[in-house]
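# Per-entry structural report
Spelled out from the first residue to the last, the chains are:
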Amino acid sequence: MIAPAKASPAGGPTPAGGPAQHTQSTHEPGNALPLVSVRDLAVAYGTGPLVLDGVDLDLFPREMVALLGSSGSGKSTLMKSLTGFAPISSGSVRVAGYDLANLRRGQLRDVRASVGQVFQQFNLVGRLSVLTNVLTGALHDAGPINLVGGFTSAHRKRALELLDRVGIAHKAKDDARSLSGGQQQRVAIARALMQQPKLILADEPVASLDPKMSHQVLDLLRGIAREDGIPVLVSLHVMPLALEHSDRIIGLRHGEVLVSDSTERLDESALEPIYAHDDEGASDDDDLV
Ligand SMILES: Nc1ncnc2c1ncn2[C@@H]1O[C@H](COP(=O)(O)OP(=O)(O)OP(=O)(O)O)[C@@H](O)[C@H]1O
(Lines give C-alpha, C1' and ligand atoms only; values in the text may rest on other atoms or scores of the structure.)
Protein backbone atom coordinates (compact mmCIF):
# COMPACT_ATOMS: atom_id res chain seq x y z
CA MET A 1 0.00 0.00 0.00
CA ILE A 2 1.15 3.47 -0.76
CA ALA A 3 0.42 6.09 1.85
CA PRO A 4 -1.04 9.16 0.19
CA ALA A 5 0.28 12.51 1.24
CA LYS A 6 -0.78 16.01 0.44
CA ALA A 7 0.66 16.49 -3.02
CA SER A 8 3.50 18.90 -3.47
CA PRO A 9 3.35 21.45 -6.28
CA ALA A 10 4.41 20.06 -9.62
CA GLY A 11 6.54 23.12 -10.27
CA GLY A 12 7.05 26.76 -9.42
CA PRO A 13 4.99 29.70 -10.59
CA THR A 14 5.42 30.84 -14.15
CA PRO A 15 5.83 34.45 -15.27
CA ALA A 16 2.70 36.34 -16.30
CA GLY A 17 1.97 36.69 -20.02
CA GLY A 18 3.24 34.57 -22.91
CA PRO A 19 3.15 30.82 -23.27
CA ALA A 20 3.35 28.46 -20.31
CA GLN A 21 6.89 27.89 -19.13
CA HIS A 22 8.33 24.45 -18.59
CA THR A 23 8.80 23.53 -14.95
CA GLN A 24 10.27 20.43 -13.37
CA SER A 25 7.65 17.92 -12.30
CA THR A 26 7.75 14.51 -10.68
CA HIS A 27 4.98 13.48 -13.11
CA GLU A 28 6.55 14.80 -16.25
CA PRO A 29 6.34 12.23 -19.04
CA GLY A 30 9.48 12.48 -21.14
CA ASN A 31 10.58 15.98 -21.99
CA ALA A 32 7.19 17.28 -23.10
CA LEU A 33 5.98 20.74 -22.11
CA PRO A 34 2.76 20.89 -20.12
CA LEU A 35 -0.25 21.97 -22.14
CA VAL A 36 -1.95 23.02 -18.91
CA SER A 37 -0.26 24.55 -15.87
CA VAL A 38 -2.30 25.46 -12.82
CA ARG A 39 -0.50 26.99 -9.87
CA ASP A 40 -1.82 27.69 -6.37
CA LEU A 41 -5.34 28.10 -7.72
CA ALA A 42 -8.08 29.37 -5.43
CA VAL A 43 -11.69 29.67 -6.56
CA ALA A 44 -14.71 31.03 -4.71
CA TYR A 45 -18.20 31.60 -6.08
CA GLY A 46 -19.39 35.08 -5.13
CA THR A 47 -18.88 35.73 -1.44
CA GLY A 48 -18.91 32.01 -0.63
CA PRO A 49 -16.03 29.96 0.77
CA LEU A 50 -13.10 28.74 -1.29
CA VAL A 51 -14.14 25.67 -3.27
CA LEU A 52 -10.61 25.22 -4.63
CA ASP A 53 -7.62 26.11 -2.50
CA GLY A 54 -3.94 25.89 -3.45
CA VAL A 55 -4.47 23.57 -6.41
CA ASP A 56 -1.52 22.72 -8.66
CA LEU A 57 -1.99 20.74 -11.85
CA ASP A 58 0.06 20.03 -14.97
CA LEU A 59 -1.34 18.19 -17.98
CA PHE A 60 1.07 16.85 -20.58
CA PRO A 61 0.54 15.63 -24.14
CA ARG A 62 -0.41 11.94 -24.50
CA GLU A 63 -1.62 11.43 -20.95
CA MET A 64 -5.02 10.64 -19.55
CA VAL A 65 -5.41 12.05 -16.06
CA ALA A 66 -8.28 10.99 -13.82
CA LEU A 67 -9.80 13.43 -11.38
CA LEU A 68 -11.32 11.79 -8.32
CA GLY A 69 -13.14 13.24 -5.34
CA SER A 70 -16.40 13.15 -3.43
CA SER A 71 -19.38 15.11 -4.63
CA GLY A 72 -18.66 18.80 -4.03
CA SER A 73 -14.88 18.36 -3.78
CA GLY A 74 -14.36 20.72 -6.73
CA LYS A 75 -13.81 18.47 -9.76
CA SER A 76 -16.19 20.34 -12.08
CA THR A 77 -14.95 23.68 -10.78
CA LEU A 78 -11.35 22.73 -11.60
CA MET A 79 -12.42 21.78 -15.12
CA LYS A 80 -14.39 25.02 -15.48
CA SER A 81 -11.34 27.00 -14.39
CA LEU A 82 -9.52 25.67 -17.49
CA THR A 83 -12.09 27.28 -19.80
CA GLY A 84 -12.64 30.52 -17.91
CA PHE A 85 -15.99 29.51 -16.43
CA ALA A 86 -14.90 29.55 -12.80
CA PRO A 87 -14.20 32.73 -10.82
CA ILE A 88 -10.48 32.64 -10.04
CA SER A 89 -9.69 34.29 -6.70
CA SER A 90 -5.92 33.84 -6.90
CA GLY A 91 -3.26 31.73 -8.53
CA SER A 92 -2.61 31.14 -12.21
CA VAL A 93 -4.18 29.01 -14.94
CA ARG A 94 -2.38 28.55 -18.23
CA VAL A 95 -3.91 26.61 -21.10
CA ALA A 96 -2.22 26.18 -24.48
CA GLY A 97 0.01 29.18 -23.86
CA TYR A 98 -2.77 31.48 -22.63
CA ASP A 99 -2.77 32.96 -19.14
CA LEU A 100 -6.48 32.90 -18.32
CA ALA A 101 -6.14 35.76 -15.84
CA ASN A 102 -4.68 38.08 -18.51
CA LEU A 103 -6.49 37.41 -21.76
CA ARG A 104 -6.81 40.00 -24.47
CA ARG A 105 -10.11 40.63 -26.25
CA GLY A 106 -11.24 37.54 -28.16
CA GLN A 107 -8.68 35.22 -26.62
CA LEU A 108 -11.13 33.54 -24.26
CA ARG A 109 -13.07 32.41 -27.31
CA ASP A 110 -9.87 30.97 -28.76
CA VAL A 111 -9.09 29.15 -25.51
CA ARG A 112 -12.57 27.63 -25.41
CA ALA A 113 -12.34 26.63 -29.06
CA SER A 114 -9.14 24.76 -28.30
CA VAL A 115 -10.75 22.68 -25.53
CA GLY A 116 -13.00 19.78 -26.50
CA GLN A 117 -15.56 18.97 -23.84
CA VAL A 118 -17.42 15.76 -23.11
CA PHE A 119 -20.24 15.70 -20.57
CA GLN A 120 -22.17 13.15 -18.56
CA GLN A 121 -25.40 13.86 -20.48
CA PHE A 122 -23.67 13.99 -23.89
CA ASN A 123 -25.22 17.43 -24.70
CA LEU A 124 -26.15 16.53 -28.28
CA VAL A 125 -29.00 18.16 -30.19
CA GLY A 126 -31.34 15.18 -30.30
CA ARG A 127 -33.42 16.21 -33.31
CA LEU A 128 -30.36 16.78 -35.48
CA SER A 129 -28.51 14.02 -37.27
CA VAL A 130 -25.43 12.41 -35.81
CA LEU A 131 -23.37 13.92 -38.64
CA THR A 132 -24.68 17.44 -38.00
CA ASN A 133 -23.94 17.11 -34.30
CA VAL A 134 -20.35 16.25 -35.13
CA LEU A 135 -20.16 19.13 -37.60
CA THR A 136 -21.12 21.61 -34.89
CA GLY A 137 -17.66 20.97 -33.47
CA ALA A 138 -16.32 22.91 -36.47
CA LEU A 139 -18.45 26.01 -35.86
CA HIS A 140 -15.52 27.99 -34.50
CA ASP A 141 -13.57 27.16 -37.61
CA ALA A 142 -16.46 27.66 -40.05
CA GLY A 143 -17.91 30.82 -38.53
CA PRO A 144 -21.62 31.73 -38.36
CA ILE A 145 -23.22 29.41 -40.89
CA ASN A 146 -26.35 27.49 -41.59
CA LEU A 147 -26.21 24.24 -39.65
CA VAL A 148 -27.84 22.25 -42.44
CA GLY A 149 -26.04 23.46 -45.56
CA GLY A 150 -23.16 25.68 -44.56
CA PHE A 151 -20.34 23.27 -43.90
CA THR A 152 -17.77 22.52 -46.55
CA SER A 153 -17.24 19.10 -48.11
CA ALA A 154 -13.93 18.97 -46.24
CA HIS A 155 -15.80 19.44 -42.97
CA ARG A 156 -18.21 16.64 -43.88
CA LYS A 157 -15.41 14.32 -44.93
CA ARG A 158 -13.62 14.90 -41.66
CA ALA A 159 -16.81 14.43 -39.62
CA LEU A 160 -17.46 11.11 -41.34
CA GLU A 161 -13.87 10.01 -40.74
CA LEU A 162 -14.27 10.83 -37.05
CA LEU A 163 -17.54 8.92 -36.85
CA ASP A 164 -15.76 5.99 -38.44
CA ARG A 165 -12.97 6.32 -35.89
CA VAL A 166 -15.42 6.15 -32.98
CA GLY A 167 -17.21 3.21 -34.62
CA ILE A 168 -20.60 4.67 -35.58
CA ALA A 169 -20.26 5.95 -39.16
CA HIS A 170 -23.25 3.76 -40.04
CA LYS A 171 -25.43 5.98 -37.80
CA ALA A 172 -24.40 9.26 -39.47
CA LYS A 173 -27.87 10.05 -40.86
CA ASP A 174 -29.86 8.98 -37.80
CA ASP A 175 -31.26 11.48 -35.31
CA ALA A 176 -28.90 11.71 -32.35
CA ARG A 177 -31.79 11.00 -29.96
CA SER A 178 -32.28 7.53 -31.49
CA LEU A 179 -28.84 6.34 -30.32
CA SER A 180 -27.97 4.52 -27.11
CA GLY A 181 -26.11 6.37 -24.37
CA GLY A 182 -22.80 4.81 -25.30
CA GLN A 183 -23.31 5.68 -28.95
CA GLN A 184 -24.28 9.25 -28.07
CA GLN A 185 -21.11 9.63 -26.03
CA ARG A 186 -19.11 8.46 -29.04
CA VAL A 187 -20.79 11.17 -31.10
CA ALA A 188 -19.90 13.70 -28.42
CA ILE A 189 -16.27 12.57 -28.56
CA ALA A 190 -16.26 12.84 -32.35
CA ARG A 191 -17.73 16.35 -32.01
CA ALA A 192 -14.96 17.27 -29.57
CA LEU A 193 -12.34 15.96 -32.02
CA MET A 194 -13.97 17.97 -34.83
CA GLN A 195 -12.77 21.06 -32.94
CA GLN A 196 -9.19 19.85 -33.42
CA PRO A 197 -8.72 20.42 -29.69
CA LYS A 198 -5.45 20.84 -27.86
CA LEU A 199 -7.04 19.52 -24.67
CA ILE A 200 -10.07 17.35 -23.86
CA LEU A 201 -12.05 17.75 -20.64
CA ALA A 202 -14.44 14.91 -19.87
CA ASP A 203 -16.66 15.63 -16.87
CA GLU A 204 -18.06 12.31 -15.61
CA PRO A 205 -18.37 10.98 -19.18
CA VAL A 206 -19.37 7.46 -18.11
CA ALA A 207 -21.67 8.25 -15.17
CA SER A 208 -24.74 7.47 -17.30
CA LEU A 209 -23.31 4.37 -18.96
CA ASP A 210 -23.26 0.68 -18.08
CA PRO A 211 -19.90 -0.91 -17.15
CA LYS A 212 -19.17 -2.31 -20.61
CA MET A 213 -19.86 1.03 -22.30
CA SER A 214 -17.87 2.81 -19.59
CA HIS A 215 -14.78 0.76 -20.41
CA GLN A 216 -15.25 1.31 -24.14
CA VAL A 217 -15.62 5.08 -23.80
CA LEU A 218 -12.61 5.37 -21.48
CA ASP A 219 -10.56 3.17 -23.84
CA LEU A 220 -11.52 5.50 -26.66
CA LEU A 221 -10.50 8.61 -24.72
CA ARG A 222 -7.18 7.10 -23.67
CA GLY A 223 -6.49 6.05 -27.25
CA ILE A 224 -7.08 9.65 -28.36
CA ALA A 225 -4.69 10.92 -25.71
CA ARG A 226 -1.99 8.54 -26.85
CA GLU A 227 -2.48 8.59 -30.60
CA ASP A 228 -3.30 12.28 -31.05
CA GLY A 229 -1.07 13.57 -28.26
CA ILE A 230 -3.99 15.40 -26.66
CA PRO A 231 -4.06 15.49 -22.86
CA VAL A 232 -7.37 14.22 -21.50
CA LEU A 233 -8.61 15.20 -18.03
CA VAL A 234 -11.47 12.95 -16.99
CA SER A 235 -13.47 13.16 -13.77
CA LEU A 236 -14.75 9.86 -12.46
CA HIS A 237 -16.66 8.57 -9.46
CA VAL A 238 -15.47 4.97 -9.75
CA MET A 239 -11.97 4.26 -8.43
CA PRO A 240 -11.38 1.00 -10.34
CA LEU A 241 -12.14 2.77 -13.62
CA ALA A 242 -9.60 5.46 -12.77
CA LEU A 243 -7.01 2.85 -11.81
CA GLU A 244 -7.56 0.90 -15.03
CA HIS A 245 -7.82 3.72 -17.54
CA SER A 246 -5.59 6.60 -16.45
CA ASP A 247 -1.88 7.41 -16.49
CA ARG A 248 -2.14 9.67 -13.47
CA ILE A 249 -4.68 10.33 -10.74
CA ILE A 250 -5.44 13.63 -9.02
CA GLY A 251 -7.54 13.25 -5.89
CA LEU A 252 -9.40 16.30 -4.60
CA ARG A 253 -10.77 16.60 -1.10
CA HIS A 254 -12.56 19.75 0.05
CA GLY A 255 -11.03 21.66 -2.83
CA GLU A 256 -7.43 20.64 -2.14
CA VAL A 257 -5.21 18.14 -3.95
CA LEU A 258 -4.79 15.22 -1.57
CA VAL A 259 -3.35 12.69 -4.04
CA SER A 260 -1.33 13.35 -7.18
CA ASP A 261 0.66 10.43 -8.55
CA SER A 262 1.19 8.02 -11.40
CA THR A 263 -1.58 5.46 -11.48
CA GLU A 264 0.96 2.63 -11.42
CA ARG A 265 2.02 3.81 -7.97
CA LEU A 266 -1.53 3.89 -6.59
CA ASP A 267 -4.13 1.36 -5.49
CA GLU A 268 -7.60 1.56 -3.95
CA SER A 269 -6.35 1.82 -0.39
CA ALA A 270 -4.10 4.73 -1.36
CA LEU A 271 -7.12 6.52 -2.81
CA GLU A 272 -9.57 5.87 0.03
CA PRO A 273 -8.54 8.95 2.08
CA ILE A 274 -9.93 11.11 -0.72
CA TYR A 275 -13.36 9.91 0.38
CA ALA A 276 -12.82 9.70 4.14
CA HIS A 277 -15.47 11.23 6.38
CA ASP A 278 -14.25 14.26 8.32
CA ASP A 279 -15.38 12.94 11.69
CA GLU A 280 -14.40 9.28 11.69
CA GLY A 281 -12.00 8.73 8.80
CA ALA A 282 -14.30 6.07 7.35
CA SER A 283 -14.80 5.52 3.64
CA ASP A 284 -17.79 6.83 1.77
CA ASP A 285 -19.06 3.62 0.21
CA ASP A 286 -21.21 5.49 -2.27
CA ASP A 287 -18.09 6.83 -3.90
CA LEU A 288 -16.08 3.64 -3.82
CA VAL A 289 -18.30 1.31 -5.84
N1 LIG B 1 -22.13 28.20 -9.76
C2 LIG B 1 -21.91 27.95 -8.47
N3 LIG B 1 -22.27 28.85 -7.52
C4 LIG B 1 -22.04 28.62 -6.20
N5 LIG B 1 -21.44 27.50 -5.74
C6 LIG B 1 -21.07 26.56 -6.64
C7 LIG B 1 -21.29 26.74 -8.03
N8 LIG B 1 -20.81 25.64 -8.69
C9 LIG B 1 -20.32 24.83 -7.73
N10 LIG B 1 -20.48 25.37 -6.49
C11 LIG B 1 -20.04 24.79 -5.22
O12 LIG B 1 -18.68 24.51 -5.33
C13 LIG B 1 -18.36 23.29 -4.66
C14 LIG B 1 -17.67 22.35 -5.63
O15 LIG B 1 -18.62 21.99 -6.63
P16 LIG B 1 -18.21 21.13 -7.89
O17 LIG B 1 -19.42 21.02 -8.77
O18 LIG B 1 -16.98 21.70 -8.50
O19 LIG B 1 -17.86 19.73 -7.23
P20 LIG B 1 -17.72 18.29 -7.90
O21 LIG B 1 -16.59 17.62 -7.22
O22 LIG B 1 -17.67 18.43 -9.37
O23 LIG B 1 -19.09 17.62 -7.47
P24 LIG B 1 -19.93 16.45 -8.22
O25 LIG B 1 -19.09 15.20 -8.16
O26 LIG B 1 -21.18 16.34 -7.40
O27 LIG B 1 -20.19 16.92 -9.62
C28 LIG B 1 -19.67 22.75 -4.09
O29 LIG B 1 -19.78 23.14 -2.75
C30 LIG B 1 -20.71 23.45 -4.94
O31 LIG B 1 -21.91 23.63 -4.21
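The name given to the protein in an unreviewed UniProt entry is Phosphonate ABC transporter ATP-binding protein, and the organism recorded there is Agromyces protaetiae.

This part takes up the sheet that holds strand 10 (residues 256-262). Within the open sheet, the six strands sit side by side as 6-7-8-3-9-10. Their pairing is mixed. Each end of this open sheet is capped by a strand with a single partner; those strands are strand 6 (115-119) and strand 10. Across the sheet, the mean angle separating the axes of adjacent strands is 15° when strand polarity is ignored. The sheet contact formed by strand 3 (residues 64-68) and strand 8 (residues 232-235) spans four bridges and is parallel. Paired with V65 across the bridge in strand 8 is L233. In the packing of helix 6 (residues 181-194) onto the sheet, contacts are made with strand 6 and strand 7 (199-203), and the angle to strand 6 comes to roughly 170°. Packed onto the sheet, helix 7 (residues 211-228) meets strand 3, strand 7 and strand 8 and runs at close to 160° relative to strand 8.

Below, the discussion takes up the site of the ligand. Taken together, Y45, G48, V51, G69, S71, G72, S73, G74, K75, S76 and T77 make up the full set of residues adjacent to the ligand. At three residues, the largest contribution of residues to the shell around the ligand is made by helix 1 (residues 75-81). Considering only residue class, the shell around the ligand consists of two nonpolar, eight polar and one charged.

Next up on the list: the packing of helix 5 (residues 153-165) against helix 6. Close contact between helix 5 and helix 6 brings their axes to 9 Å; oriented N to C, the two are set at 135°. The orientation of helix 5 relative to helix 6 falls into the category oblique. The crossing of helix 5 and helix 6 is right-handed. Of the residues in helix 6, those touching helix 5 at R158, A159, L162 and L163 are A190, L193 and M194. Among the residues forming the contact of helix 5 with helix 6, the class breakdown is six nonpolar, no polar and one charged.

About the thresholds
- Residues numbered from 1 in each chain as written.
- Predicted model: local features only at pLDDT ≥ 70, side-chain atom pairs only at ≥ 80, totals over all residues.
- Pairing = 2+ DSSP bridges.
- Helix = DSSP H or I, 4+ residues; strand = E, 2+ residues; numbered from the N terminus.
- Axes fitted to C-alpha atoms, helices over the stretch in contact; angles between N-to-C directions.
- Contact = placed C-beta atoms within 7 Å.
- Near = placed C-beta within 6 Å.
- Nonpolar A, V, L, I, M, F, W, Y, C, P; charged D, E, K, R; others polar.
- Parallel < 35°, antiparallel > 145°, perpendicular 65-115°, else oblique.
- Left-handed = near helix turned anticlockwise from the far one by under 90°.

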